[in-house]
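# Inside the fold
So you can see what is in the structure, the chains are spelled out below.
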Amino acid sequence: MGTEVVSIANEYSDVFNDPTINEQLNRFRIAYEEAIANLDSPTFRIATIGTTSSGKSTIINALIGRKIAPMEADEMSAGILTLSSSADRKMIIENVEGAVWETGEWDGTSDEEIYTHIRDRVMLPYHEKRKLKELPAPQITVLGSLLPVEDGSLLNLPDGVNLEFVDLPGLKSVQDRTNLKVIQKRVNKAFSLVALDYGQVDEQHRKQLLEELKKVVNYLQGRTDSMIFILNRVDLRNSVDLPLEDRIAKLQVEIQEILSLPDPPDIIPFSSLLLYYAQCAWGTVAQTEPSQVSHDKRSQLLKAMFMDCAGTINQYTQGNRKLKNWFRNIEDSLEDGEPVDDEIMRQILQYALAWSGGENFWYCLRERLFDAFPVLVIAPFLREYWNLIKLYSLQLTVLLKREDWKLLKK
């Protein structure tokens, strides 16, 4: 179809001298070339947005098995960070107009170097200057291994299909006029993960939150049929809270009404910090393979897990003295400086996946992909192409009618 359109334009060049038609033809050619390239090597894109302090960066790091997205402060999540599966290790910071941060390309950098670079040389200068004037969000691309690609069982992606996570700014930052055009292009071609904070979905905050989400979905031209909601930090629940099932059911009804969804949305209760520590202590390889994480790094992450996630571990080991003692023995071994081997680490990761909601998340996303692979992976790359075909056809029809009218008048 693309070849025929270009052929017609070349054969009847006098008709296509009209500036409007010419502009549409050029846009069509670009979209056509992009569509062909994307069909040759399709990519499943997952865009993440979230409320302020929803732990979105922690979720991203947990899902990819690497500490890349800055987690230190709320403001750190205001950039556009693309994490792309690749055999190469590379970081690209685009030189956007008005950039007040370091830009360029770096090869072979470690995760620690990438993390520190993004935090100290990009996000901190950006937020410092952003207090004084509106700036475009930093656009950062990191190439390297991603857990769902290395462990094919998580998503069952067909051979030849790439994966990208696009970590977007929070709900409020995403509406900045300077960033809107860039972000729109990412979201309307992607599956969306929406991170919500458990502490912000009570009666007082819920309506305001969902109205904000509706604005963002409208602004971003996002597809509401390609969304999964993650209710993060459910480990903050206490004994006087409503049952989690009741709170999720209520949230489902309200999201369905406000976003005009045909069905209740998937909302997965999540404890991102637990999964982050356990998954990064294992790394990006499948559990059937030996872990590539050093013992020192693993010990550091597991010590932090026992400190920061003690309540969650205690909750799930309650009433099971044998399992509780097993975890205590591991914690004691870490304090004594003893390494945790791969066999024990696999068991820790399995518990973390089950308790954090990670297991349910991967199952849900895997099922959505199985049911609607063409819609989620192939269609997003063709949508712009077909829209331009319609617009191109309409402009051509208008031109031809105008020319016919001139002939009739003569």
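All figures in this text were calculated on a predicted structure; none of them were measured in a lab. (Residues numbered from 1 in each chain as written. Predicted model: local features only at pLDDT ≥ 70, side-chain atom pairs only at ≥ 80, totals over all residues. Heavy atoms only, no water.)

### Overview of the environment of E102
Heads up, the condition is: Helical segments are the DSSP runs of H or I of at least four residues, strand segments are the runs of E of at least two, and each set is numbered from the N terminus. A contact between two residues is defined here by any heavy atoms of the two lying within 4.5 Å. Pairing of N or O atoms within 3.5 Å defines a polar contact, subject to two protein rules: one partner must be a possible hydrogen donor and the other a possible acceptor, and residues neighboring in sequence count only if both atoms are side-chain atoms.
Among the structural elements, E102 can be located in the loop between β3 (90-93) and β4 (104-107). Linking E102 and Y126, residues 24 residues apart in sequence, is a C-alpha distance of 9.9 Å. The residues touching E102, leaving out its near neighbours within four places in the chain, are I93, H117, R121 and V122. At 3.4 Å, the side chain of E102 forms a polar contact with the side chain of H117.

### Concerning the environment of M123
Let me state the cut-off plainly: Buried means the residue's accessible area, taken with a 1.4 Å probe over protein chains only, is under 20% of the maximum for its type, while exposed means over 50%, and partly exposed covers the values in between.
Relative to the helices and strands, M123 resides in helix α4 (residues 111-130). Here M123 falls in the buried class, since its relative accessible area comes to 1%. Separated by 53 residues in the primary sequence, M123 and P70 place their C-alpha atoms 8.7 Å from one another.

### Some remarks on helix α8 (residues 244-258)
Just so we agree on the cut-off: Between the first and last residue of a helix there are one fewer steps than residues, each counted as 1.5 Å, and that sum is the expected span. By arc we mean the arc of the directions from the helix axis to the C-beta atoms, nothing more.
Taking 1.5 Å of rise per residue, the 15 residues of α8 would be expected to cover 21 Å, and the 21 Å separating its terminal C-alpha atoms lies within 8% of that figure. If you check which residues of α8 are buried, you get L244, R247, I248, L251, I255 and I258. Angular distribution of buried residues about the axis of α8 spans 100 degrees; they occupy a single face of the element. In α8, those exposed residues whose orientation departs by more than 90 degrees from the buried face are E245 and E257.

### Re helix α1 (residues 2-11)
Among all positions of α1, only G2, V5, V6 and A9 are buried. Take α1 and look down its axis: the buried residues cluster within an arc of 95 degrees, on one side only. Looking at α1, the residues exposed on the side facing more than 90 degrees away from the buried face are T3, E4 and E11.

### Here we look at the nonpolar core
Our working definition: Each nonpolar core is a collection of buried residues, namely Ala, Val, Leu, Ile, Met, Phe, Trp, Tyr and Cys, held together in the definition by side-chain atoms within 4.5 Å.
Among the nonpolar cores identified, the biggest contains 101 residues, and F44, L231 and M305 are the most heavily contacted of them. Residues contacting M305, with those up to four places away along its chain left out, are L274, Y277, A278, A310, I313 and I348.

### Some details on the pairing of strand β9 (residues 267-270)
Note the threshold: The rule for pairing is simple: two strands pair if DSSP sees at least two bridges between them. By convention a crossover is right-handed if, when the strands point away from the viewer, the path from the first strand over the helix to the second runs clockwise.
Examined bridge by bridge, strand β8 (residues 227-232) and β9 share four bridges and lie parallel to one another. Within the sheet, the bridge partner assigned to N232 lies in β9 and is F270. Tracing the backbone out of β8, into α8 and back to the parallel element β9 gives a crossover that is right-handed.

### Re the packing of aromatic side chains
We apply this condition: For this analysis, a ring pair means two rings from Phe, Tyr or Trp (six-membered ring only for Trp) whose centres lie within 6.5 Å, classed as stacked if their planes differ by under 30 degrees, edge-to-face if by over 60, and tilted for the remaining angles. Charge-over-ring contacts are defined here by two conditions on Lys NZ or Arg CZ: a distance within 6 Å of the ring centre and an angle within 35 degrees of the ring normal.
A full pass over the atoms with the stated rule returns twelve aromatic pairs. Centroid distance F361 to W362: 5.0 Å. Interplanar angle 65 degrees. Geometry classified as edge-to-face. By the burial criterion, F361 is buried, and W362 matches it. Among the aromatic residues, those joined into a ring-pair cluster are F306, Y316, W326, F327, Y351 and W355. Residue placement shows K67 over the ring face of Y115; its charged tip is 4.5 Å from the ring centre.

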